[in-house]
Amino acid sequence: MFYLLLKYVILGPLLRLLFRPRIEGLEHVPESGAAIVAGNHLSFSDHFLMPAIIKRRITFLAKAEYFTGPGVKGRLTAAFFRSAGQIPVDRSGKEAGQAAIREGLGVLRKGELLGIYPEGTRSHDGRLYKGKVGVAAMALKGEAPVIPCAMIGTFEAQPPGKKVPRIRRVTIRFGEPLDFSRYAGMDNEKAVLRAVTDEIMYAILGLSGQEYVDKYAAVVKAEEAERAATRGKEPRGLPRTPLGRRPRTMIPESNASTARRKAPEGRGGEAK
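Peer 1: Can you break down unusual backbone geometry residue by residue, with the values?
Peer 2: A positive phi is found at E143, a non-glycine position, where the angle reads about 50°. Tracing the chain through its elements places E143 in the loop between α5 (134-141) and β7 (146-152).

Below is the structure:
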């Protein structure tokens, strides 16, 4: 009930008024049935802007830190995120990835819409980073289509570290659903999971126009922090390519080619 109140009465109308989002390709989000919306993650605002414009309820996997804050503020924050359709996922330890997959599959098996950010964390410099294979595992195990989504302008509106967003217009762009039924029964093969994830990231890249980095965002952040500590300086963001320009780095084709050779014939059509 509170989710609907947030979406249609409190938060949704306010976000539409302030950010005046341009919505493109919303017809690609199915009206019913299990599906995954996989998007780039540029800003804290992404958690609320996308659910505000999608007609269906969408459940996101969110980091557990949003639900474990101390004091009254922490309890209120946790209550808000749960009411907004967020599921806490512990990202620490060896079992973190499997826990996220289990939670995601639970949503899909109920025939609901699951939202996920394959990069695993917010981009600290506006670029698109290598996706983690959990999204591929959920798509194959849950037999669900993946709708790529690009958030454009939210990094400029609320970059990391900025608590109050700037008021500016943003764009939310959805692509055609990706069908991975041709890989049925191959959800434990690493090459297949990597290829499916790369295909999803390439679709997001085509929608967002970001510069692509073939490294995990968390790894790059750690490398920058280490360099900064060595120099005795605060971390500085890497140079960015403004959103909308042609990306200079493309996702390698080698993994996708390897997986295509493994895909058995007669397992379903090509990805749309």
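Peer 1: Outline the pairing of strand β5 (residues 113-116), listing residues and values.
Peer 2: What you see with β5 is no split at all: L113 and G115 on one side and L114 and I116 on the other are buried throughout. Summarising the sheet, strand β2 (residues 35-39) and β5 pair through four bridges and their orientation is parallel. Opposite V37, over in β5, you have G115 as the bridge partner. Taken together, the three bridges between strand β3 (residues 58-63) and β5 define a ladder with parallel strand orientation. The residue bridging F60 from the neighbouring strand is G115, located in β5.

Peer 1: Now, about the packing of α5 against helix α7 (residues 190-208): what can you tell me, with residues and values included?
Peer 2: How two helices sit against one another is set out by the angle between their axes and by the gap between those axes. Across the interface, α5 lies against α7 with an axial gap of 8 Å and an inter-helix angle of 105°. Classified by the interaxial angle, the pair formed by α5 and α7 is roughly perpendicular. Counting all contacts with α5, which are made through V135, A136, A137 and L140, the residues of α7 involved are V192, L193, V196, T197 and I200. Split into classes, the residues belonging to the contact of α5 with α7 amount to eight nonpolar, one polar and no charged.

Peer 1: Tell me about the nonpolar core, and please be specific about residues and values.
Peer 2: Ranked by internal contacts, the top residues of the largest apolar core, which has 34 residues, are I36, M138, V146, F180 and I200. Elements that contribute at least two residues to this core include exactly β2, β4 (86-89), α4 (96-109), β5, α5 and α7. With eight residues, α7 is the largest single contributor of residues to this core. What V146 contacts, discounting residues up to four positions off in sequence, is I36, A38, A139, E176, P177, L178, F180 and I200. Counting 26 residues, the second-largest nonpolar core is a separate cluster that includes V29, L49, I53 and A157.

Peer 1: Requested: an account of the sheet that holds β4, with residues and values cited.
Peer 2: Taking strand neighbours across the sheet as the criterion, the seven strands line up as β1-β8-β7-β2-β5-β3-β4 in an open arrangement whose pairing is mixed. The open sheet has two free edges, formed respectively by β1 (22-24) and β4, since each of these has just one partner strand. Neighbour to neighbour, the strand axes of the sheet diverge by 25° on average, direction disregarded. Pairing analysis gives four bridges linking β7 to strand β8 (residues 171-174), with the strands arranged antiparallel. Residue pairing in the sheet places M151 in a bridge with I172 of β8. The sheet strands contacting helix α2 (residues 46-53) are β1, β2, β3, β4, β7 and β8, and the helix crosses β8 at an angle near 65°. Packing of α5 onto the sheet brings it into contact with β2, β3, β5 and β7, and relative to β2 it is tilted by some 165°.

How each quantity is defined
Residues numbered from 1 in each chain as written. Predicted model: local features only at pLDDT ≥ 70, side-chain atom pairs only at ≥ 80, totals over all residues. Heavy atoms only, no water. Helix = DSSP H or I, 4+ residues; strand = E, 2+ residues; numbered from the N terminus. Buried < 20%, exposed > 50% of the residue type's maximum accessible area, 1.4 Å probe, protein only. Pairing = 2+ DSSP bridges. Axes fitted to C-alpha atoms, helices over the stretch in contact; angles between N-to-C directions. Parallel < 35°, antiparallel > 145°, perpendicular 65-115°, else oblique. Contact = heavy atoms within 4.5 Å. Nonpolar A, V, L, I, M, F, W, Y, C, P; charged D, E, K, R; others polar. Core = buried A, V, L, I, M, F, W, Y, C linked by side-chain atoms within 4.5 Å.

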